[in-house]
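# Observations on the three-dimensional arrangement
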Amino acid sequence: MQQIHDIKSPKLLIMEGMLMSLAFVLPFSEALVSIITVLIFAFSWIVISPKEKFSYSRNNPFPLFPAGVFLLYLIWATGTQHSANAIDEIRRNIFWFLIPMAIAYLPLKREQLNRILYAFVAGVIISSLVALVRWYFRGSMGITDIREATLNPHIGHSLLVNFALFFLATQFFRYLKSGWKIHQIARFAGLLFLFIFNIWLHSLLGLFTLLTSLIILPFFTYHEIPVKRRKFIWGGVLVLLIIPFLMIGSELYRQYHTTMPKPGQVAKFTANGNLYHNDFTNTLRENGHFIYLNICLPELQKEWNKRSSLNFRSTDANGFPVKSTIIRYLTSKGLTKDSVGVSQLSNEDIHYIAEGFANYRYVPGRMNLKARIYQTIWELDAFRMNGNPNNKSLVQRWEYTRAALSIIGKHPFFGAGTGNEKTAFTQILSQQNPELKPENFSHAHNQYLNYLVTFGIAGFVILMFLLVYPLIRVRKFSPLLLFFLLNIGLANLGDDNLQTHTIRTFFVLFYSLLVFGPSLFAEESAGRFVLNENRQ
């Protein structure tokens, strides 16, 4: 096929620098991402004129296919009932158009793509270090949850970390035989840091996506794995399968290994001779201890008001009754809910209860991946007991999913339309579960369902065609590209990642670069329609 003419190197170097800047700032600032993207789009017409791009697109239109997603938003806005919402959706999704149009047909070389990827890794590492610093100074910054420490939403940041981690791993093993030189030591240090950081961040969806992607990937790249390494790869897959089951199993055992005692086995009076309230019908627990046993509210109130300036009858920092938080916190530590139990709490415990922490495992410094798994188990257990979905992440997601399916059922072929989604979700959620508070209303935390809600089956098929068909035609499935697609594709089952500015830009940028750009390794196939395949 016709090759692009040589571009003057200064222009290409400037474009490379701008793409490196965009990749670097992705984890930092949505404003900078927007500014740099617009500058790249404007400069791209200086690098390659509109006439030249049109000429190249006649031979190979596939690099422009992702831009068609933006056209879908425009077309589906024609019947909107909420023009302000539709304009906002169009504004936020214009990056589907800007980035592919800017990057299409750029004759980037392998070394340039590598530098862009390394700039991205540097941005992820530095922004993760910033998150650690923010967490260290959390008291002065008003941060109470590790997931609030990142500059972007924690799920999105974990997806960026996953991709940076995998890219560094491919580079590390590629140069493994070259010895432990400074660059290789830096790669290993980056790998180790990002791996530990991802666990520290304990984004369950991010970690699930990483593990699942690593488990699935060998099945796609089986023939590329050297025979001598296959047993180690499959051994690693087996370990990755076992680890989450062990962690979830241990937390399930912690929560459910106890059985409700008989009335004769439980104390009836406190150490001060006051009567305990014991509810043997309510099996809700904290760390395996039954919440509604050994409760003496008069003693709790008297002792708490001695220890804290926050009144027993008031609410904690999260808006929940203080007495409920005290009872859960004491239960989590296996203490009786009376004056003796409160007296055994440290001043730090008193502070955390006032801040709204209902379990000692949730407090800063103690909250870890296993505690996050336990928290999800507790939320499901509480919903099973009381049917209240509010402030329970996984349960609320199920409510949003039900609402999305209802909307799709009402508008199956062409969807609700651009700008109408928010109103559609509000109406369905208010009817479907009156207990769900309006402040907890949201859209489906599943990207595919959200697209079906907006575009219907017809628009969804077009959107998937625009993104999948170029992959089929290009036939350039490197391990990095496969991991990239798995990382986003699997995460989209659990969140609407492409609705966020950072992940939308991340996906469109690296989709364009990895699918239509140069091959990263000389031994990789360049694909059928890579414009610079002869420039290696």
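Parameters and conventions
- Counting starts from 1 at the beginning of each chain's written sequence and moves along it residue by residue.
- With the structure being a predicted model, the display of local features is reserved for residues of pLDDT at least 70 and the display and counting of side-chain atom pairs for 80 or more, all residues being used for whole-chain, interface and lining totals.
- Side-chain measures here rest on the full set of heavy atoms in the structure, leaving out hydrogens and waters.
- Strands are runs of DSSP state E lasting at least two residues, helices are runs of H or I lasting at least four, and both sets are numbered from the N terminus onward.
- Relative accessibility decides the category of a residue: with a 1.4 Å probe and only protein chains considered, values under 20% of the type maximum give buried, values over 50% give exposed, and everything between is partly exposed.
- With residues, only the protein chains shown are counted as cover, and all accessible areas are computed by Shrake-Rupley using a 1.4 Å probe.
- Here a residue-residue contact requires only that any non-hydrogen atoms of the pair lie within 4.5 Å.
- Here the axes come from fitting lines to C-alpha atoms, over the contacting stretch only for helices, and the angles between their N-to-C directions go from 0 to 180 degrees.
- An angle below 35 degrees is read as roughly parallel, one above 145 as roughly antiparallel, one from 65 to 115 as roughly perpendicular, and any other as oblique.
- Crossings are sorted by hand: turned counterclockwise from the far helix by less than a right angle, the near helix makes the crossing left-handed, and turned clockwise it makes it right-handed.
- A residue's pLDDT is simply how confident the predictor is in it, with values from 0 to 100.
- Only buried Ala, Val, Leu, Ile, Met, Phe, Trp, Tyr and Cys residues count toward a nonpolar core, and they belong to the same one when joined by side-chain atoms within 4.5 Å.
- A side-chain nitrogen of Lys or Arg and a carboxyl oxygen of Asp or Glu constitute a salt bridge if their distance falls within 4 Å.
- Classification of ring pairs rests on two measures: the distance between centres of Phe, Tyr or Trp rings, Trp counted by its six-membered ring, which must be within 6.5 Å, and the angle between planes, read as stacked under 30 degrees, edge-to-face over 60 and tilted in between.

This paragraph deals with the overall build of the protein chain. Secondary structure summary: the protein chain contains 22 helices and 2 strands in total. Across its three principal axes, the protein chain shows a C-alpha extent of roughly 90 × 60 × 45 Å. Counting over 536 residues, the protein chain shows a buried share of 52%. Of the roughly 24,800 Å² that the protein chain leaves accessible, carbon and sulfur atoms contribute 64%.

With respect to the helices and strands, Phe413 occurs in the loop between helix 18 (393–410) and helix 19 (421–432). A residue is classified by how much of its surface remains accessible, and Phe413, at 57% relative accessible area, is exposed. Taking the C-alpha atoms as reference points, Phe413 and Leu452, 39 residues apart in sequence, are found 8.8 Å from one another. Apart from residues no more than four positions distant in its own chain, Phe413 is found in contact with Phe455, Gly456, Ile457, Ala458 and Gly459.

On to the packing of helix 12 (residues 227–256) against helix 17 (residues 369–386), then. The geometry of helix 12 relative to helix 17 is characterised by a closest axis approach of 9 Å and an angle of 55 degrees between their N-to-C directions. With respect to their mutual orientation, helix 12 and helix 17 come out oblique. Here helix 12 and helix 17 pass one another in a crossing that is right-handed. Here Met247, Ile248, Ser250, Glu251, Leu252, Gln255 and Tyr256 of helix 12 lie close against helix 17, whose contacting residues are Leu369, Lys370, Ile373, Tyr374, Ile377, Trp378 and Asp381.

Let us now look at the side chain of Thr209. One can find Thr209 in helix 11 (residues 204–220). Discounting residues that sit within four places of it in the chain, Thr209 has contacts with Leu159, Asn162, Leu486, Asn487, Leu490 and Ala491.

Here we take up the environment of Leu514. Along the chain, Leu514 turns up in helix 22 (residues 501–516). By relative accessible area, which is 5% here, Leu514 ends up buried. In sequence terms Leu514 and Ile40 are 474 residues apart; their C-alpha atoms lie 18 Å from each other.

The backbone of Tyr105 shows a phi angle near 75 degrees, a positive value even though the residue is not glycine. Within the secondary structure layout, Tyr105 lies in the loop between helix 6 (95–103) and helix 7 (110–136).

Right, let's talk about the confidence of the model for the protein chain for a bit. Residues with a pLDDT of 70 or more make up 95% of the protein chain, whose mean pLDDT is 90. Taken as a whole, residues 525–536 scores under 50 in pLDDT and shows 49 contacts with residues more than four places along the chain or in a different chain.

A word on the nonpolar core. If you look at the biggest cluster of nonpolar residues, it comprises 110 residues, and the most contacted ones within it are Phe120, Phe163, Phe484, Phe506, Leu509 and Phe510. Discounting chain neighbours no more than four positions away, the residues touching Phe484 are Phe163, Phe506, Phe507, Phe510, Tyr511 and Leu514. Counting residues in each nonpolar core, the second largest holds 25 residues, with Phe312, Leu335, Val342 and Ala371 among its members.

Oppositely charged side chains can pair when the atoms bearing their charge come close. Per the counting criterion, the structure on display carries 12 salt bridges. Between Arg92 and Glu89 there is a salt bridge, with its nearest N and O atoms 2.0 Å apart. Of this pair, Arg92 and Glu89 both sit in helix 5 (residues 83–92), separated by 3 residues, roughly a single helical turn. For Arg92, a relative accessible area of 23% puts it in the partly exposed group. Between Asp381 and Arg384 there is a salt bridge, with the nearest N and O atoms lying 2.5 Å from each other. With Asp381 and Arg384 both in helix 17, this residue pair falls 3 residues apart, about one helical turn.

Here the structure, examined in full by the defined rule, presents 38 aromatic pairs. Between Tyr73 and Phe455, the ring centres sit 5.0 Å apart and the planes meet at 75 degrees, which makes this aromatic pair edge-to-face. One end of the pair, Tyr73, is in helix 4 (residues 68–75); the other, Phe455, is in helix 20 (residues 447–474), and 382 residues separate them in sequence. For Phe455, a relative accessible area of 0% corresponds to the buried category. Residues Tyr451 and Phe455 carry aromatic rings whose centres are separated by 6.0 Å and whose planes lie at 25 degrees to one another, so their mutual orientation is stacked. Taken together, the residues span about one helical turn, with Tyr451 and Phe455 both in helix 20 at a distance of 4 residues.

Further remarks concern the environment of His202. Tracing the backbone through its elements, the reader meets His202 in the loop between helix 10 (182–201) and helix 11. Separated by 170 residues in sequence, His202 and Arg372 have C-alpha atoms that sit 6.9 Å apart. Non-local contacts of His202, meaning those with residues more than four positions away in its chain, are made with Ile146, Arg147, Leu207, Met367, Asn368, Leu369 and Arg372.

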